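The lines below spell out each chain.
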Amino acid sequence: MTVGLATALVVGLALVAAPNQSATAASPPGASAQAGADNGARTSTPTTKKKHKKSRGLRALRRAKSQAGDPYSYGANGPHAYDCSGLTQWVYKKLGHKLPHSSSAQVGHTFKVKKPRKGDLVFFYGSGGVYHVGIYAGKRDGRRWVWHAPGSGKAVTKDPIWTDSYFIRRVKYKKH
């Protein structure tokens, strides 16, 4: 009785899904209702592949890396020279987010996180407050790394974090 009911249900569903098919051509359970039907009346739907969308953080990291070797210049915010906050400002501008051109002011556009992710901002501080900012590049060989514009006479580069006087925060995104 149960097998007969299940078969009737499958045939009935196949007829509802593909009304031009005969009951004898019904698809077995688990198969597509249109798999065996090619009677010309079938409408084709294009297959859509899901595009792998990179996270904002990875896109930020990729942008920072693309500027490797560009010279440091006080007050510069790209695209061919940067100071530290100019680099982070330029990177996030490319992602559609406005940051001020000051490392200490950029703190106000971020929020505290428990687990940092690549692309977060790394703020360095001393007795005078925040003095430098870079983009978190992840952990390797037990060390945390940062993309940044280090200072006069140097270029945008990736370096290991050199001090314990830093904190990592994530840029706030507005919900649309």
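Heads up: the structure comes first, above all this text.
Residues numbered from 1 in each chain as written. Predicted model: local features only at pLDDT ≥ 70, side-chain atom pairs only at ≥ 80, totals over all residues. Heavy atoms only, no water.

### Side note on the side chain of His132
By the element assignment, His132 lies in strand E3 (residues 129-140). Owing to a relative accessible area of 6%, His132 belongs among the buried residues under this scheme. Here His148 takes part through its side chain, which lies 2.8 Å from a polar atom of the side chain of His132. Every residue in contact with His132, bar those within four places of it in the chain, is listed here: Cys84, Ser103, Val122, Phe123, Phe124, His148, Ala149, Pro150 and Trp162. (Helix = DSSP H or I, 4+ residues; strand = E, 2+ residues; numbered from the N terminus. Buried < 20%, exposed > 50% of the residue type's maximum accessible area, 1.4 Å probe, protein only. Polar contact = N/O pair within 3.5 Å; in protein donor to acceptor, adjacent residues only side chain to side chain. Contact = heavy atoms within 4.5 Å.)

### What about the sheet that holds strand E4 (residues 143-148)?
The six strands lie next to each other as E1-E6-E2-E3-E4-E5, forming an open sheet whose pairing is antiparallel. Of all strands in the sheet, those bounded by a partner on one side alone are strand E1 (110-112) and strand E5 (157-160). Each strand axis lies, on average, 45 degrees off the axis of its neighbour in the sheet, ignoring direction. Relative to E3, strand E2 (residues 121-126) runs antiparallel, the two sharing six bridges. Bridge pairing links Gly126 to Gly129 in E3. The strands touched by helix H2 (residues 56-66) within the sheet are E3 and E4, with E3 carrying the most contacts at an inclination of about 105 degrees. (Pairing = 2+ DSSP bridges. Axes fitted to C-alpha atoms, helices over the stretch in contact; angles between N-to-C directions.)

### Quick notes on the packing of aromatic side chains
Throughout the structure, instances matching the rule amount to five aromatic pairs. Ring centres of Tyr82 and Trp90 lie 5.8 Å apart, and the angle between their planes is 65 degrees; this geometry places the pair in the edge-to-face category. Trp90 shares its class with Tyr82; the two are buried. Consider the rings of Phe124 and Tyr166, whose centres lie 6.2 Å apart with planes at 45 degrees: the pair is tilted. One end of the pair, Phe124, is in strand E2; the other, Tyr166, is in strand E6 (residues 166-171), and 42 residues separate them in sequence. (Phe/Tyr/Trp six-rings, centres within 6.5 Å; stacked < 30°, edge-to-face > 60°.)

By themselves, these figures tell us nothing about what the structure is for.
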